[in-house]
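Observations on the three-dimensional arrangement
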Amino acid sequence: MNIRKILEIKNIGKEKLLLLGLAGILLIGASYFESRKENTNSVQTITETSAVKDYQGETEKKVEELIQNIQGISEVSVMISYKSGSEKVLQEDSENSSSDRTDGTVSESSNSVKKSTVLFSQNGDEAPYVIKELYPEINGIAVTAKGVSDSGKKEEIINMLAALFDVPVHKISVIEMD
């Protein structure tokens, strides 16, 4: 179809047609930048998830080694459950503003706080500035091992894990392995 025919059929002016075309181009461009932003976030999430799994696996391995060092204990298997994932605390800048307004006998005051995350450049990309990282909180610990049928050894292991991870003793289970 010819542009002149379109203009005649719909009685659309050249300016409106041009604006409509420009709006379409802007929508396409905006969706391109939005999809690139989402891809960057998913890569960071995958990296963070693998780091948390590494931490959890390493913790279980260290506990197994620690328990196997107890005389008479062998073939130790440990499982640790967590309440939640890790958490990163980000640096934020805050800007406080207040305003007072008086109209005759009525006075109003308002306060507002504007917070923004501090960013830094890293290899050409911007990333938030992390103040500290909180590792996942332990919910419970299960241990199976040979040689824990003695109640004294079982109690020692439970007390050691409770002290080590600050977990209540009722959330730690130690069972004799067949």
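Definitions and cut-offs
- Residues numbered from 1 in each chain as written.
- Predicted model: local features only at pLDDT ≥ 70, side-chain atom pairs only at ≥ 80, totals over all residues.
- Heavy atoms only, no water.
- pLDDT = per-residue confidence, 0-100.
- Helix = DSSP H or I, 4+ residues; strand = E, 2+ residues; numbered from the N terminus.
- Contact = heavy atoms within 4.5 Å.
- Pairing = 2+ DSSP bridges.
- Axes fitted to C-alpha atoms, helices over the stretch in contact; angles between N-to-C directions.
- Right-handed = clockwise from strand over helix to strand, strands pointing away.

**With respect to the confidence of the model for the protein**
Predicted confidence across the protein gives a mean pLDDT of 77, with 78% of residues reaching 70 or more. Per-element averaging of pLDDT across the protein places helix α1 (residues 3–10) at the bottom with 59 and strand β9 (residues 172–176) at the top with 93. Of the regions scoring below 50 in pLDDT, residues 35–47 engages in zero contacts with residues more than four places distant in sequence or in other chains.

**What about the sheet that holds β9?**
The strands making up a sheet associate through hydrogen bonds between their backbones, and the pairing can be parallel or antiparallel. Here we have three strands laid out as an open sheet, ordered β1-β8-β9, and mixed in their pairing. Two strands in the sheet have a free side with no partner beyond their single neighbour: β1 (74–82) and β9. The mean angle between the axes of side-by-side strands here comes to 15 degrees, regardless of whether they run parallel or antiparallel. Note that β1 and strand β8 (residues 138–146) share seven bridges and pair antiparallel. Across the sheet, Ser77 pairs through a bridge with Thr144, a residue of β8. The strands that helix α3 (residues 151–165) touches are β8 and β9; relative to β9, the one it contacts most, it runs at about 150 degrees.

**Here we look at the pairing of β8**
For β8 and β9, the ladder comprises five bridges, and the chain directions are parallel. Within β9, the position partnered with Val143 by the bridge is Val174. In the classification by handedness, the crossover that spans β8, the intervening α3 and the parallel β9 is right-handed.

**What to know about the environment of Leu164**
Note that Leu164 resides in helix α3. Expressed as a C-alpha distance, the spacing of Leu164 and Val63, which sit 101 residues apart in the sequence, is 9.7 Å.

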